[in-house]
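# Structural characterization, general
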Amino acid sequence: MIVQVVESASNASESAARLIEAQLRQGVSVLGVATGSTFQPVYERLVSAHRQRPFDTQPLHIVLLDEYVGLSVGHYNRYRSEIIRALAGPLGVPPQRVHAPDVDASDLDQACRQYDELLTGLGGVDLQLLGLGRNGHIGFNEPGADLSARTRLVQLARETRESNKSFFSGSEPPRQAVTQGIATILDAREVLLVATGSEKRSAVQRLLCRHTFDPDLPATALWQHKSGTAIFDRTAAGP
Ligand code: GLP
């Protein structure tokens, strides 16, 4: 994994958006997306680049990294709804080409297997975008995660629910989610990790020191990826 440290969070968003735009212009057809505060400004920049110099989104499928379990269909905080609002809609990608695990299925294990099959059926993920949890999670692979894990149902760590509370305007975030597993994430042809700000500082600094997989810091799995890029701002990565 190549690490880029840039001056500010805004520079990090700009660099990430440029990298994604370049990939889309080269015809990437399956884009794996993360949600959350880190990627919001990245998607805003990408959408604005598309408005100024449109790129072809006809062949594009957008696949989600993770999705909450327990939110009603159409709930504002569903990650799929967020991606349709912030990215797919403005890029002209229709909802039928925005894929998420079926978190409403009665058999969630089967729905998880079907999601992995869907990714394979699409030809695999070309570029997977990843944010970083304060505890070092990627997707919702919390500390203790297994390197060989595929898409599955997980319990969210207290710390994760605490940091995601701000998106739920007073109500409690769900306790469970379905996430691409670490092995699923590593199958992507390319991965891009972005982390900025002081809240990510501890996780980023631990990540920079540990180049072998440590289950307590799931993002360390990314060192095994042959085509990975990490973009950090100085606040997160600096001394
Ligand atoms: C969240 C989501 C991820 C996200 C990461 C960082 O809990 N599961 O998709 O990328 O953790 O979130 P944020 O960018 O809001 O800090």
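Residues numbered from 1 in each chain as written. Predicted model: local features only at pLDDT ≥ 70, side-chain atom pairs only at ≥ 80, totals over all residues. Heavy atoms only, no water.

It is worth spelling out the site of the ligand at this point. Around the ligand sit 16 residues, and of these S37, T38, D66, H137 and K200 come closest. Between the ligand and G131, the relevant distance is 3.3 Å, taken from an oxygen atom to a main-chain nitrogen or oxygen of the residue. Residue G139 places a main-chain N or O atom 3.2 Å away from a nitrogen atom belonging to the ligand. Contact with the protein chains hides 94% of the accessible area of the ligand, taken as 390 Å² for the molecule alone. Put simply, the ligand lies in the largest pocket. Split by residue class, the shell around the ligand holds six nonpolar, eight polar and two charged. (Near = heavy atom within 4 Å. Polar contact = N/O pair within 3.5 Å; in protein donor to acceptor, adjacent residues only side chain to side chain. Areas by Shrake-Rupley, 256 points an atom, 1.4 Å probe, with all protein chains shown as cover. 1 Å grid on protein atoms, 1.4 Å probe; cavity = no way out; pocket = protein on both sides within 12 Å on 5 of 7 lines; lining within 4 Å. Sits in = over half its atoms within 2 Å of the grid points. Nonpolar A, V, L, I, M, F, W, Y, C, P; charged D, E, K, R; others polar.)

Let's shift gears to the packing of helix α2 (residues 39–52) against helix α3 (residues 79–91). Look at α2 against α3: their axes get within 9 Å of each other, and the N-to-C directions meet at 15°. Looking at the two axes, α2 sits roughly parallel to α3. Considering only the axes of α2 and α3, their crossing is left-handed. Counted together, Q40, Y43, L46, V47, H50 and R51 of α2 and E82, I83, A86, L87, P90 and L91 of α3 form the full contact between these two elements. (Axes fitted to C-alpha atoms, helices over the stretch in contact; angles between N-to-C directions. Helix = DSSP H or I, 4+ residues; strand = E, 2+ residues; numbered from the N terminus. Parallel < 35°, antiparallel > 145°, perpendicular 65-115°, else oblique. Left-handed = near helix turned anticlockwise from the far one by under 90°. Contact = heavy atoms within 4.5 Å.)

Our focus in this paragraph is helix α1 (residues 9–25). Spanning 17 residues, α1 covers 24 Å between terminal C-alpha atoms, matching the ideal 24 Å at 1.5 Å per step. Those residues of α1 that fall on the buried side of the exposure criterion are A12, S13, S15, A16, A17, L19, I20, E21, Q23 and L24. Among the structural elements, β1 (2–6), β2 (30–33), α2, β6 (127–130), β9 (190–195) and β10 (228–233) are those in contact with the buried residues of α1. In the stretch just after α1, G27 is the one whose phi turns positive, near 95°. (Expected span 1.5 Å × (residues − 1). Buried < 20%, exposed > 50% of the residue type's maximum accessible area, 1.4 Å probe, protein only.)

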